Amino acid sequence: MSEHRWGMAIDLDRCTGCQACVAACHAENNLQVSDPASAAKGRAVHWIRVDRYYEGEFPDVRVKYRPVLCQQCDDAPCEPVCPVYATYHNDEGLNVQVYNRCVGTRYCGNNCPYSVRFFNWFDPVWAEPLQLQHNPDVSIREGGVMEKCTFCVQRISRAKDDAKSEGRPLKDGDVQTACVQSCPAEAMVFGDLNDPESKVSQWAKSGRSTQLLEELGTKPKVFYLERAR
Amino acid sequence: MSLYLTGVFSYKDAAIQAVKDLKAAGYGPEDVIVFSDEPVEFPRGVLDRPSHMSLAAVSGAITFLVLCVSFVYFTQYNYRLATGGMPIFSFWPTSVIFYEMTMLGAILSTFGWFIWESGLLRRDKSVPVPAIEPEVICLRVRYSPEQYETAATILEKAGAYSVARLEKAA
Amino acid sequence: MALAPIPYHQVRDDLWRPLAGASKRYTLTLALLSAVALWGLIAWGYQIHVGIGVAGIRRPVFWGFYLVDFVFWIGISHAGTLISAILRLTDADWRKPVTRAAEAITVFALMIGGMFPLIHLGRVWVFYWLFPYPNSRLLWPNFRSPLMWDVTAISTYLTGSMIFLYLPLIPDVAQLAERTTGWRLRLYKLLSLGWSGSDREWHALERAMRLMAGIILAVAVSVHSIVAWDFAMAIAPLWHSTIFAPYFVVGAIFSGLAGLIVALNIIRRTMHLEAYLTPHHFKNLAKLLLLMSLLWLYFTFAEHLTVWYGNEPKEMNIFGARMRGRFSPEFWVMVFVNFVVPFVLLGIRRLRSITTATIASVGVLIGMWLERYLIIVPTLSMPRLPAAWGRYSPSWVEISITVATFAAMAMLYLIFAKLFPIVSVWEFEPHAQEEE
C-alpha cells in the first residue's frame, strides 16, 4: 500500500471545451506537432483530447465536451498484453509507459477501450524553432514507441523531491498536472486519492461522480462529474 | 572376430522363416539385422525390438513442463511487475506457455530418442552394410567363422536367392 | 483404394526426374519469384530505415495488413498437419503421395508467417527482448501476453514441423545419396545420417512418426487457437468472443487445404506426376474442402447470429459496417468464395474435378485472406469511443510485402522440389513383398 494514489476529477458541467488542457499538455510533454496530412491520416497525437458529442437536432442541440486522457486504470487492459512489460502498474497507481522498453507491438493500443494510446510512427521532428520549447524534464520518444498521458509523472516526481528536501509531506495542490493547471474554468482537479481531505477525493465522492466505460471493470482513476440525466 | 553374410529374399514369408530358423539355431536379435528399402512388417515374436520411445516422449514432456513452470514462477517473482490486476504468478494465462513447452519437450525427446534408438549416428563404421536393392529383403547375419555353413544353409533353405559373405566396402 | 500398380523403376524415375537439371521455365520462374521476394525485402528495409509510419497503419487501426498476413500464413501452415497427422493416424492410404508436399507447405508457411511478428514491430531491432535471457536490466518477458504465447507456440510448431518433414525424408535422401555426385551427394549424405535401411532404423522411424503425428496435431490446434487469442483476449468489440479459437482453427485447416490443392495441381502439371497425384486424390481433398467450407459457414453463422441477436450497440456498429456498410463488398465476396463457390463446384458430384477443386481453392484463399482482414480492421476502425473512429488503407510497403510473401512461398517450394522428391518415394511404393 503506497503513500499516494493519484487521481483526477473533471467537472463536465464546467468544461467549456476550450482545449487549453490540450495545448498545455503539448507544451509540457514535448508532444509532436502534426501537419494536416498526417492528422488526416490519423497520426496526430493528443494525450488529452476533448471529445465533442452533439445531441438532438437544431435548435434543440446540446453539445457535450469530455476531456479524455489516460484513465490510469487499476485493472488496465493495456498492461497484461504487453509482451515486454513496457507498461505496468506502479505502486502509486499510475499506469507507467517505459519508452526504453517498448518494442512497438501496439497490442496495448488495441486493447485500450478509451483509445488514449498513441504511437510514434516516425522519429519526431519539430519545425524550427519549436524544438527550443522542449521541457527538459520529459524525454523525447523515438519512432516505434508507444506513449500516452502519464499524469505528468515528471511533475509528481519534482513535487515529491521538493517536499522531501524541505522535509515536509506533500500537501494537496502541490502536484498539478499541466492540463489541470491550465484549465480556465477550473473544471479539473488532480491529487491524492489516498488523502480523504484532498479535492479530488471529495469530488470523486460527490453524487455527480461517474466513470467512463465503468461497466468494463477497468477501474479508471479519472472521475467525471456530471448532472444526473 | 565377427564376420557377416547376407541372404537376399524376394518374399517376406521366406525372410520370416529364415529369421525363425536362425533364432532356433541360436542367433540372437543383435546378430540378425533386416535391411530393406521400405519398412517390412514382421509378425509379433519374430524379430521384436523393444522400444521406449513413448516413455521418452512423456518423460521429455514432463521435464520441460516442470522446468517451464519453475522458470515462469521464478521470473515473475524475480522482478515483480503488476499488470492489469493479474496476480504476480498468473497461472491461467501462463498455462498456455506451459502447454507449448510440454509439447516441445515431447517433440525434442521423440526426435532425440529416434536418433538414439535407430542407432543412426552411433553406427560402428567397421561393420559392413549391404547395398539395398529395391523390392527385396536382405538379411545380414553376424557369425563366427565356424558357424558359416550353418548360417548359409539356413538362409538357402528358407529361400534366399543369393547368399554371400559381406565384406566391408573398400 | 488401390492405384494401378506402377512398375518400381518407373516410380523412381518419375519421382526423381524433376530433381535433375533445371528447365528454362523453372529458372525463369525462380528468378521472377526471387525478384518479387527481394522487392518485399527492400520494402521492409525501407520501413525499418524510415520508420514504421510508411505503412498505412494509424490510430486506432494499430494492426493492419501485417497481422492479416500473419494469421493467413499461420493458417496455411495447417495444411500439412491435417493431411499428414490426421491421415497418418487414421491410416488413410490415399494420403501417401500428398504428405511431403503438405508438410513442406507447413514448414515454409510457418517460416513466412513467423516473419510478420517481426515486420510489424515498431522497433524490430530490439525484437529479442521477447525472448527470456538474463540481461543487465534484470527484466524478463511478460508471459501473460498473448504475443508471448505466439512466440512459444510458433517456435514449437516450427520445430515440430521441421522434424516431421525431415523424418520421412531420411530414407529417401539415403536412396538418393547412392545415385548422385558432387554437392548433392554431400548434402544427401549429411542429411541421411548414415541411414542404412535396417529394421531397427525403420522401426524407430515408424514409432517416431506415429508419436510425432499425434503431438503435431495437438500443437497445431493450440497454435491457431493462440493466434486467435491475440484478438479474443482483447476487450475490443467483436474481438472478445469465445468462438474465436475454434473458428480460427477451422479456418486454418480450410485455408491450408485450399493452399495444398493449388500447390498439388501446380506440382502435378509442371512435374508430370499425373499418375501419382490422380483425380482420386483431388476428389478426396475436394470433399474435405467442402466439409471445411460447411464447417466454416457454421461457425460464421453462429458468430454473426449471436452478435446480431445480442444487439450490443458497440458491436452492432462494427457488424453493420461489415454487412451493409463500407466493408460490405469484402464481406460478401468472402461469403461467395468461401461458401457458395465450393458448395456448387464441389458439392455437385458431376462438377467435382481437379480443375474445379483448384478454382474453388483459389477462391478460398482469397476468401480466407479477406476473412482475416474483416476480423482485424473493422473492429479497430470503430473502437468503443466514437471520437476515436478512423479509416485504414494500406500503403505500398504493406502491399509489396504481402505480395512478396506469396512469391517467397513459391520460391522456397520450387527450391525444395528441386532438392528432394516432392512425393515420398519409400512411402509410395506398394509393399511388393506382400504379393506372392
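Keep in mind the model is a prediction, meaning the values are calculated, not measured. (Residues numbered from 1 in each chain as written. Chains lettered and ligands numbered in written order. Predicted model: local features only at pLDDT ≥ 70, side-chain atom pairs only at ≥ 80, totals over all residues.)

**Points about the interface of chain B and chain C**
Rules: For every residue pair, C-beta atoms are placed from the backbone, and the pair is scored as a contact if these atoms sit within 7 Å. Numbering of helices and strands runs from the N terminus, with a helix taken as a DSSP run of H or I at least four residues long and a strand as a DSSP run of E at least two residues long. Lys, Arg, Asp and Glu make up the charged group, whereas Ala, Val, Leu, Ile, Met, Phe, Trp, Tyr, Cys and Pro make up the nonpolar group; the residues left over, Gly among them, are polar.
Counting from both sides, the interface comprises 48 residues of chain B and, opposite them, 47 residues of chain C. Those elements that place two or more of their residues in the side of chain B that touches chain C are β2 (32–36), α2 (53–78) and α3 (91–118) of chain B. Here the side of chain B that touches chain C gets 16 residues from one element, more than from any other, and that element is α3(B). Considered class by class, the residues forming the side of chain B that touches chain C number 29 nonpolar, 11 polar and 8 charged.

**Section: the confidence of the model for chain B**
Let me state the cut-off plainly: Values of pLDDT, ranging from 0 to 100, describe the predictor's confidence in every residue of the model.
Averaged over every residue, the pLDDT of chain B is 87; residues scoring 70 or more account for 98%. Quick note on the complex model: pTM equals 0.94, ipTM equals 0.93.

**Some details on the interface of chain B and chain A**
With 6 residues of chain B in contact, the opposing surface of chain A contributes 9 residues. The residue makeup of the side of chain B that touches chain A, split by class, is 3 nonpolar, 3 polar and no charged.

**Quick look at the environment of Y224(A)**
Tracing the backbone shows Y224(A) in strand β10 (residues 222–225). Contacts of Y224(A), omitting those with residues within four sequence positions, involve I10(A), L12(A), R66(A), T210(A), Q211(A) and L212(A).

**So, the sheet that holds β2(B)**
All names here are of chain B. For clarity, the threshold we go by: Two strands pair if DSSP finds at least two bridges between them. Angles here are taken between N-to-C directions and fall from 0 to 180 degrees, while the axes themselves are lines fitted to C-alpha atoms, restricted in helices to the stretch in contact.
The strand order across the open sheet formed by 4 strands is β2-β3-β1-β4, and the pairing between neighbours is antiparallel. The sheet is open, and its two edges are formed by β2 and β4 (162–166), each paired on a single side. Mean inter-strand twist for the sheet, computed between neighbouring axes without regard to direction, equals 25°. For strand β1 (residues 3–9) and β4, the ladder comprises 5 bridges, and the chain directions are antiparallel. Residue pairing for β4: T6 is matched across the bridge by A164.

**Details of the pairing of strand β1 (residues 6–11) of chain A**
Residues and elements named next belong to chain A. Quick note on the threshold: We call a residue exposed when 12 or fewer other C-beta atoms sit within 10 Å of its C-beta, buried when the count reaches 20 or more, and partly exposed for counts in between; the C-beta positions come from the backbone.
In terms of burial, β1 is a largely internal element, 6 of the 6 residues being buried. Taking every second residue as pointing to the same face, both faces of β1 are buried, with W6, M8 and I10 on one and G7, A9 and D11 on the other. With 5 bridges connecting them, β1 and strand β8 (residues 188–192) associate as antiparallel partners. Following the sheet pairing, I10 is matched in β8 by M188.

**Topic: the pairing of strand β2 (residues 49–55) of chain A**
Consecutive side chains of a regular strand alternate in pointing toward one face of the sheet and then the other. As paired elements, β2(A) and strand β3 (residues 62–68) of chain A share 7 bridges and run antiparallel to each other. Across the sheet, R49(A) pairs through a bridge with V68(A), a residue of β3(A).

**Section: the nonpolar core**
Threshold: Here, a nonpolar core means buried Ala, Val, Leu, Ile, Met, Phe, Trp, Tyr and Cys residues linked by C-beta atoms lying within 7 Å of one another.
Within the largest apolar cluster, 226 residues are counted, with the highest numbers of intra-cluster contacts made by M188(A), A101(C), I105(C), L257(C), L260(C) and L289(C). It is helix α10 (residues 199–232) of chain C that contributes the most residues to this core, 17 residues altogether. With residues up to four places along the chain from it excluded, the contact list for M188(A) reads M8(A), I10(A), C21(A), C179(A), V180(A) and C183(A). Counting 23 residues, the second-largest nonpolar core is a separate cluster that includes Y4(B), V34(B), L155(B) and A158(B).

**Some points on the sheet that holds β1(A)**
Spatial strand order, β8-β1-β10-β9 (chain A): 4 strands in an open sheet with mixed pairing. The open sheet has two edge strands, β8 and β9 (209–210) of chain A, and neither has a second partner.

**So, the domain arrangement of chain B**
Put simply, the test is: Delimitation of the domains relies on an automatic or database domain assignment.
When the domains of chain B are assigned, the result is domain 1 (3–37 + 132–166) and domain 2 (53–118). Inter-centroid distance (C-alpha atoms) of domain 1 of chain B to domain 2 of chain B is 47 Å.

**With respect to the environment of W47(A)**
Residues and elements named next belong to chain A. Tracing the sequence through the fold places W47 in the loop between α2 (36–40) and β2. Residue W47 is classed as buried on the basis of its 24 C-beta neighbours within 10 Å. Through-space distance from the C-alpha of W47 to that of V116 is 6.6 Å; in sequence the pair is 69 residues apart. Setting aside residues no more than four positions away along its own chain, W47 makes contact with C25, N29, L31, L69, F118, K148 and C149.

**Comments concerning α3(B)**
Residues and elements named next belong to chain B. In plain terms, the rule: A helix's residues, less one, multiplied by 1.5 Å, set its expected span.
With 28 residues, α3 ought to run about 40 Å at 1.5 Å a step, and its terminal C-alpha atoms sit 39 Å apart, in line with that. The buried count for α3 comes to 20 of 28 residues, which makes it a mostly enclosed element. Phi turns positive one or two residues past the end of α3, at G119, with a value near 70°.

**Side note on the packing of α2(B) against α3(B)**
Residue and element names in this part refer to chain B. Our working definition: Two helices crossing with the near one rotated counterclockwise from the far one by less than a right angle form a left-handed crossing, whereas a clockwise rotation gives a right-handed crossing.
Two elements in contact, α2 and α3, have axes whose closest approach is 7 Å; the angle formed by their N-to-C orientations is 145°. Judged by the sense of rotation from one axis to the other, the crossing of α2 with α3 is right-handed. A class-by-class count of the residues in the contact of α2 with α3 yields 17 nonpolar, 8 polar and 1 charged.

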